[in-house]
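Chain and residue survey
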Amino acid sequence: MSATAENPRATAVATAVEVRVTARVITDDPLYRKIPVALRFTPDEPLAVRIVFPADLSPEGTDNEWVFPRALLEAGLQAPTGTGDVRVWPCGRVQAVVEFHSPEGVAVVQFDIAGLRRFLRRTYGPLTR
């Protein structure tokens, strides 16, 4: 009997994951703007996650994709983390903030922690569901 037949979980690996969530762009305006965001993971880059913003938010009219370490997103759900282009911190018990820095400026986006945690669990494959 093969190792896979004896223990099918022994070879379980994560597959590509895409989760759609609604985020909120934080600005000086008291009314926040809800936006659809795609969270992506591919096993080709097992240490990275992607957050993709829709094309209508970009002056170029193209999707705006940020790639950064999965560990940064995980750690930022517990405590403030990040010193470069992407910073993450919890905001109360149910929200997390992701701050994106670029030469054009800074974007501050709020997410529900539950949605981010579900996404992260799926990036580890069937063993963590």
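To keep things clear, this report deals only with the structure shown in the data block. (Residues numbered from 1 in each chain as written. Predicted model: local features only at pLDDT ≥ 70, side-chain atom pairs only at ≥ 80, totals over all residues. Heavy atoms only, no water.)

With respect to the environment of Asp85
Defined as follows: Only DSSP runs of H or I reaching four residues or more are called helices, and only runs of E reaching two or more are called strands; each is numbered from the N terminus. Residue contacts are counted whenever heavy atoms from the two residues lie within 4.5 Å of one another.
In this structure, Asp85 sits in the loop between helix 2 (70-76) and strand 5 (86-91). Along the chain, Asp85 and Ser102 lie 17 residues apart, while their C-alpha atoms are 6.6 Å from each other. With sequence-adjacent residues up to four places away left out, Asp85 is seen in contact with Trp66, Glu99, Phe100 and His101.

Side note on the packing of aromatic side chains
Here the distance between the centres and the angle between the planes together describe a pair of aromatic rings. Here is the rule: What counts as a ring pair is set by centres within 6.5 Å for rings of Phe, Tyr and Trp (its six-membered ring), and what kind of pair is set by the plane angle: stacked under 30 degrees, edge-to-face over 60, tilted for all other angles. Only protein chains enter the accessibility calculation, which uses a 1.4 Å probe; a residue whose area is less than 20% of its type maximum is buried, one above 50% is exposed, and one in between is partly exposed.
Taken as a whole and assessed by the stated rule, the structure comprises 2 aromatic pairs. On the numbers, 5.3 Å between centres and 90° between planes, the contact of Phe53 with Phe100 is edge-to-face. Of this pair, Phe53 sits in strand 3 (residues 48-53) while Phe100 is found in strand 6 (residues 95-102), placing the two residues 47 residues apart along the sequence. The interplanar angle of 50° and the centroid separation of 5.0 Å between the aromatic rings of Trp66 and Phe100 together place this pair among those described as tilted. One end of the pair, Trp66, is in strand 4 (residues 64-69); the other, Phe100, is in strand 6, with 34 residues separating them in the sequence. Here Trp66 and Phe100 have matching classes, each one buried. Through a chain of ring-to-ring contacts, three or more aromatic side chains come together here, namely Phe53, Trp66 and Phe100.

Structural notes on the sheet that holds strand 5
Our working rule: A pair of strands counts as paired when DSSP detects no fewer than two bridges linking them. A fitted line through C-alpha atoms serves as each axis, taken over the contacting stretch for helices, and the angle formed by two N-to-C directions is quoted from 0 to 180°.
Strand order in this open sheet of 7 strands is 4-3-2-1-7-6-5, and the pairing throughout is antiparallel. The open sheet terminates on both sides in strands that have one partner only, identified here as strand 4 and strand 5. The mean inter-strand angle of the sheet, taken between neighbouring strand axes irrespective of direction, is 30°. For strand 2 (residues 33-41) and strand 3, the ladder comprises 3 bridges, and the chain directions are antiparallel. Along strand 3, the bridge assignment pairs Arg40 with Arg50.

Quick word on the side chain of Arg70
For the record, the criterion: In this count, Lys and Arg are taken as positive residues and Asp and Glu as negative ones, while His and the chain termini are left out. Only one rule defines a salt bridge in this text: a Lys or Arg side-chain nitrogen within 4 Å of an Asp or Glu carboxyl oxygen.
Here Arg70 shows up in helix 2. We note that Arg70 is buried and unpaired, the nearest opposite charge coming from Glu74 at a distance of 5.0 Å.

Honestly, it's all geometry; don't read function into it.
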